[in-house]
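Each chain, written out:
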Amino acid sequence: MANITINGDTKAIDAPGDTSLLWAVRDLAGLTGTKYGCGVGLCGACTVHVDGRPERSCLLSLDDVAGKQVTTIEGLSEDGSHPVQVAWRDQNVPQCGFCQAGQIMQAAGFLEENPKPTDGEIKEAMEGNICRCGCYQRITAAVRQASTGS
Amino acid sequence: MYHLAEKFARSAAVEDGGLAIHNVSRRGFLKTSSAAFALAAFSGTAAQAFTPYKTGGDDMPNGLKYDPNIFVSIGSDGTVTIVAHRSEMGQGSRTSLPMVLADEMGADWAKVKIVQAEGDEPKYGNQNTDGSRSMRHHIQSMRQMGASVRHMLQQAAAKKWGVDASAVNVGVHEVTSGSNKVGFGELAEDAMALPVPRFEELAFKDEKDFRYIGAGKISITDLHDITTGKAVYGADIMLPGMKVAVIARPPAVGENPGKVDDKAALAVAGVESVHTLAGSVMPAGFAPVGGVAVVAAHTAAAIKGRDALTIEWTKGPHSDYDSEAFTNEMRATAAQPGKVVRKEGDWEAARAGAAKTFEREYSQAHMVHATMEPLVAVADVKADGAEIWAPVQSPYQARQDVAKALGLDEKDVRVNVTLLGGGFGRKSKGDFVTEAALLSKEVGAPVKVQWTREDDIRHAFNHTTSVERIEAALDDKGKVTGMRYNSVAPSILSTFAPDSGYQFPIEAGMGHVDLPFEVPNLSIENGKAMAHTRIGWFRAVSNIPRAWAVQSFAAELADELGKDQKDMLLELIGSDRKLDPAKQGFPDKFWDYGEVYDEYPIDTMRLKNVINLAAEKAGWGKSMPKGEGLGIAAHRSFVTYVASVVHVKVDDDGTIRVPEVHMAVDCGFAANPERIRSQMEGAAVMGMTAALHSGITYKAGAVEQANFDTYEMVRASNFPEIVHTHIVEHPFSVHAAGVGEPGVPPIPPAIANALFNATGQRMRDMPIGDTV
């Protein structure tokens, strides 16, 4: 049994402390917005925030986040109004949409640290998030919009 | 566990509890489109804004349905519910087809709700979402159903107000006549008492009155849910009491688990049981490959348990497959004469009389789809039936496969379709669904089968591997007098029937026998190649290796002759004409994407037009800095024409970059330009990934790649940065075609041609790698 704080709520998770945070969030906490894409930190689909920083939840265990704040896509904003989510919709970014929660969490965490990035910094920050549909042009445009307002 | 399955209401508009338009009489309603087609030919009035035409949709299993009672309902509050019967995997059809219906009926998109159909083709018509067919086959039925509902609303209002129907105007979600005005919701009940109109009673909108069709202003219906994590994919289905299974599958197809040690697996906390699944030997259709399944309380335990299994696999007929050796065999085969599948003129004579010959050979490795959502399915099998939730491109096929595997009647199997986290052809093949059904039956509880990324990459239905060899005969003026094109590749047919080693008409029709070159002597040949792994279709299918070969060859020939590459391509295509399959030696069974040829002929004028358009927009011919180049390629596939001009820039360290792409696309009438653009942008990325990275190789029967470190994807640091999409505008009368696949084939050869122009290095084997 492990206690973790997700989106402000402390939840008791019925699994050993070395259980993958990704699967605990999805299967045991029931927050399915966070996606499984590769399981080894190569695709970014499972990105969540740990104490505000983007992390790959597939690489973390429940023990790793003990006493920390985990934020998933469901907790990024109440109603989808985070500037990154708004920019994503303005730019019509998604195709299939499966990777987008991870993309959005990565972008939101990145912009928190670097609110006015250069194009090169945006690309570098989003490098770890694969989109097989190929929405990169719109992803980078949306990150830019979220940072500059246009 | 949370119960996410409740999002799947016992769907279908007519069942959703709202006030539906239930017609009391189907009298006179046209049940088949061929009847609609025939009638329209006699109709001189109603058809002016919409003259129906024949598509291959009529000939697909279960054809097309035109009954608005199946697809539309109107609630008393005015909410219009439209059924999306095609699967959504990123191409946008879950939005675009209902949008067509909504526009034609006069609905306000803000008041439209979309529900996803379950797998039921006798009810909804064909649901096999594949072959870039959704818009091509269904735009007409969507318009017809929209017009039917508008007519019924108009009639109901006329009756209500005691006026002639001609005095009633159906506006945007409201109906008016003089000072009378009501919303759609208030008329729903009256409208439901009316019969569905006959086709010739319908008045279709004039194209200039479309509000959504052709406008590209509608965002995808799932946009808000996707950006907030609420969208439900196959992986997101959670049922009470559900178990999760992860399966160890045989390294090579046809192998079986021999000795299995499951002690360590069963010792993992959360693991509940281990099961052996029977394997299959090709040809096995979409049957699972078998293996050993670990069933657990949750996914983490199931993966850990699966990884703790020790299994000795028996050997099978493909346990020695070595893809490198196989490519060499295909090269040898390609150099020999193949089976002639199209003969025009006399190639042998052209070669004998040639002043010069020119040969080149191109190859492509296997690829796998690598959808971002690894394969996953949930099954709840009970004694009297089964319910499935799965991201499937062909839900009715999955339903039939599950019924067969469980020995159930099809009517006792329900397949709910979730969003698909990518499809690209992989999710047409329901082996993963059958696995879930078999395991649910065995453990007596709902089971989710979750594939890991490694499973996905190693147990695909691969894109074929191929060698394409082209020879040209030239006269003393450098004019091409003949060509021989031998294509050697294992066939998809090997998945379904004993393998002959030869391709079937569907593969031949994808850029091989339909070669659009005006060369008097052609020998189009197919050399034998046996399949040693499951071969399936991957977005654009055989068009990828064919465009790779033909479009690279055209550029190489230009270089050989000192001509401009675009001019050479246009010269080879020749005059403006529609190819005549009968006169030009096409095979009797020529497959034009399942269409009647005369409705969708190979039109060189349209092909040349997209070439010229892309070239003009890209500034073809402009001088480029050192280490940079433009490349051009064009290909017709799925009856859509696409030309690409790619700008390649090679960094000092040899990294290949693509700063800019111009895509010119002629897909006939463009129903949703916004999603056409997104498909072209995505195709540029997938085409670049295919060209640079996508190589699945086999040693001793097993796939050598496993995850995104060894099977790489184009990423945000190096992708086609600006993709400009130029859509050729057409009226509705130029038949709409799909765009899900046609953007991919021109990209790899355009990259190779640009790379050559940038560096002088010619790449002929895909994948080419990411550096030079």
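Residues numbered from 1 in each chain as written. Chains lettered and ligands numbered in written order. Predicted model: local features only at pLDDT ≥ 70, side-chain atom pairs only at ≥ 80, totals over all residues. Heavy atoms only, no water.

1. Digging into the overall build of chain A
The helix and strand inventory of chain A stands at six helices and five strands. Of the regular secondary structure in chain A, the N- to C-terminal order runs β-β-α-β-β-β-α-α-α-α-α. Computed over C-alpha atoms, the radius of gyration of chain A comes to 15 Å, within 12% of the 15 Å expected from 2.2 N^0.38 for 150 residues, which places it in the range of a compact globule. Put simply, chain A has 150 residues, and 63% of those count as buried. Sequence separation of 24 or more characterises 56% of the internal contacts of chain A that already satisfy a separation of 6 or more. By element, 44% of the accessible surface of chain A is carried by carbon and sulfur atoms, the whole surface being about 5200 Å². Each charge class in chain A was averaged separately, 12 positive and 18 negative side chains, and the resulting centres sit 8 Å apart. (Helix = DSSP H or I, 4+ residues; strand = E, 2+ residues; numbered from the N terminus. Rg over C-alpha atoms; globule rule 2.2 N^0.38 Å. Buried < 20%, exposed > 50% of the residue type's maximum accessible area, 1.4 Å probe, protein only. Contact = heavy atoms within 4.5 Å. Areas by Shrake-Rupley, 256 points an atom, 1.4 Å probe, with all protein chains shown as cover. Lys, Arg positive; Asp, Glu negative; His and termini not counted. Charge placed at Lys NZ, Arg CZ, Asp CG, Glu CD.)

2. Let's talk about the interface of chain A and chain B
The partner chain B presents 65 residues to the 48 residues of chain A that form the contact. For the chain A and chain B pair, buried surface summed over both sides reaches about 4700 Å², with 57% attributable to carbon and sulfur atoms. Among the residues of chain A in contact with chain B, Gln-95, Arg-132 and Gln-137 of chain A are the three that bury the most area, contributing 18% of the side total. Put simply, chain A and chain B have six salt bridges between them. Between Lys-35 of chain A and Asp-236 of chain B there is a salt bridge, with the nearest N and O atoms lying 2.4 Å from each other. Taken together, the connections running from chain A to chain B amount to 29 residue pairs in polar contact (both at pLDDT 80 or more). Among the secondary structure elements, those contributing two or more residues to the side of chain A that touches chain B are helix H1 (21-28), helix H2 (73-76), helix H3 (83-90), helix H4 (100-113), helix H5 (119-126) and helix H6 (136-148) of chain A. Class assignment for the residues of the side of chain A that touches chain B results in 20 nonpolar, 16 polar and 12 charged. (Buried area = accessible area lost by both parts, 1.4 Å probe. Salt bridge = Lys/Arg side-chain N within 4 Å of Asp/Glu carboxyl O. Polar contact = N/O pair within 3.5 Å; in protein donor to acceptor, adjacent residues only side chain to side chain. Nonpolar A, V, L, I, M, F, W, Y, C, P; charged D, E, K, R; others polar.)

3. Focus on the sheet that holds strand E26 (residues 722-727) of chain B
All names here are of chain B. Judged by pairing direction, the sheet is mixed, and its four strands sit side by side in the order E21-E22-E23-E26 without closing on themselves. Only two strands of the sheet have a single neighbouring strand rather than two, namely strand E21 (628-637) and E26. Neighbour to neighbour, the strand axes of the sheet diverge by 15° on average, direction disregarded. Pairing of strand E22 (residues 640-650) with strand E23 (residues 656-666), which is carried by nine bridges, proceeds in the antiparallel orientation. Bridged to Ala-643 within E23 is Ala-664. On the sheet, helix H20 (residues 747-759) packs against E21, E22 and E23 and is oriented at approximately 155° with respect to E21. (Pairing = 2+ DSSP bridges. Axes fitted to C-alpha atoms, helices over the stretch in contact; angles between N-to-C directions.)

4. Let's talk about the domain arrangement of chain A
By convention, interface size is frequently given as the accessible area that disappears when the constituent parts associate. Residue and element names in this part refer to chain A. By domain assignment, chain A separates into domain 1 (2-76) and domain 2 (83-148). Just the C-alpha atoms count here: the centres of domain 1 and domain 2 sit 20 Å apart. Tallying the contact residues gives 18 residues for domain 1 and 14 residues for domain 2. Of the charged contacts in the structure, one is a salt bridge between Arg-53 and Glu-113, with a shortest N-O distance of 3.1 Å. Summed over the shared surface of domain 1 and domain 2, the result is eight residue pairs in polar contact (both at pLDDT 80 or more). Within the residue set of the side of domain 1 that touches domain 2, elements represented by two or more residues are strand E3 (47-50), strand E4 (53-56) and H2. (Domains from an automatic or database assignment.)

5. Topic: the packing of helix H16 (residues 543-561) of chain B against H20 of chain B
For any two helices packed against each other, one specifies the crossing angle of their axes together with the interaxial distance. Residue and element names in this part refer to chain B. Their axes nearest at 8 Å, the elements H16 and H20 cross at an angle of 25°. One finds that H16 runs roughly parallel with respect to H20. The element H16 and its partner H20 pack so that their crossing is right-handed. Here H16 contributes Ala-547, Trp-548, Gln-551, Ser-552, Ala-555 and Asp-559 to the contact with H20, which in turn contributes Pro-748, Pro-749, Ala-752, Asn-753 and Phe-756. Its residues assigned to classes, the contact of H16 with H20 comprises seven nonpolar, three polar and one charged. (Parallel < 35°, antiparallel > 145°, perpendicular 65-115°, else oblique. Left-handed = near helix turned anticlockwise from the far one by under 90°.)

6. Remarks on the sheet that holds strand E12 (residues 339-344) of chain B
Residue and element names in this part refer to chain B. Here we have six strands laid out as an open sheet, ordered E12-E20-E19-E18-E13-E27, and mixed in their pairing. Since the sheet does not close on itself, it has two edges, and those belong to E12 and strand E27 (765-766), each with one partner. Of the strand pairs in this sheet, strand E19 (residues 480-488) and strand E20 (residues 521-527) are connected by seven bridges, and their pairing is parallel. Residue pairing across strands places Tyr-485 opposite Ile-524, the latter belonging to E20.

7. Some remarks on the side chain of Arg-89 of chain A
When you line up the elements, Arg-89 of chain A lands in helix H3. Of the side chains with opposite charge, Asp-90 of chain A lies nearest to the buried Arg-89 of chain A, which makes no salt bridge, at 6.4 Å. In this view, Arg-89 of chain A contacts Gly-80 of chain A together with Leu-223, His-224 and Thr-227 of chain B; residues no more than four positions away in its chain are not counted.

8. Looking at helix H17 (residues 565-573) of chain B
Since the α-helix advances by 3.6 residues per turn, residues separated by three or four positions end up pointing in the same direction. Residues and elements named next belong to chain B. Here H17 lies mainly inside the structure; seven of its nine residues are buried. Turning to H17, its buried residues are Gln-565, Lys-566, Met-568, Leu-569, Leu-570, Leu-572 and Ile-573. The inward-facing, buried residues of H17 contact E19, H16, helix H18 (604-618), E21 and H20. Residue Asp-564 occupies the N-cap position of H17, its side-chain oxygen lying 2.9 Å from the main-chain nitrogen of Lys-566. Positive backbone phi, at 80°, marks Gly-574, one or two positions downstream of H17.

9. Digging into unusual backbone geometry
All names here are of chain B. Between Met-282 and the following residue, Pro-283, the backbone shows a cis peptide bond with an omega angle of 0°. The residue Pro-283 is located in the loop between strand E9 (271-277) and strand E10 (291-296) in this model. The phi torsion at Phe-638 lies on the positive side, around 55°, for a residue other than glycine. Judged by its relative accessible area of 2%, Phe-638 falls in the buried class. Phi at Ala-700 takes a positive value of approximately 50°, unusual for a residue other than glycine. You can see Ala-700 is positioned in the loop between strand E24 (698-699) and strand E25 (702-703). Owing to a relative accessible area of 54%, Ala-700 belongs among the exposed residues under this scheme.

10. Comments concerning the nonpolar core
Met-105, Val-175 and Ile-751 of chain B are the most contacted members of the largest nonpolar core, which has 215 residues in total. No other element matches helix H5 (residues 134-161) of chain B, which puts 12 residues into this core. Both of domain 1 (2-76) and domain 2 (83-148) of chain A provide at least three residues apiece to this core. Among residues more than four places away in sequence, those in contact with Val-175 of chain B are Leu-153, Ala-157, Trp-161, Val-168, Asn-169, Val-170, Asn-180, Lys-181, Val-182, Phe-184 and Leu-187 of chain B. By size, the runner-up hydrophobic cluster in this structure holds 30 residues, among which are Val-295, Leu-406, Val-413 and Val-415 of chain B. (Core = buried A, V, L, I, M, F, W, Y, C linked by side-chain atoms within 4.5 Å.)

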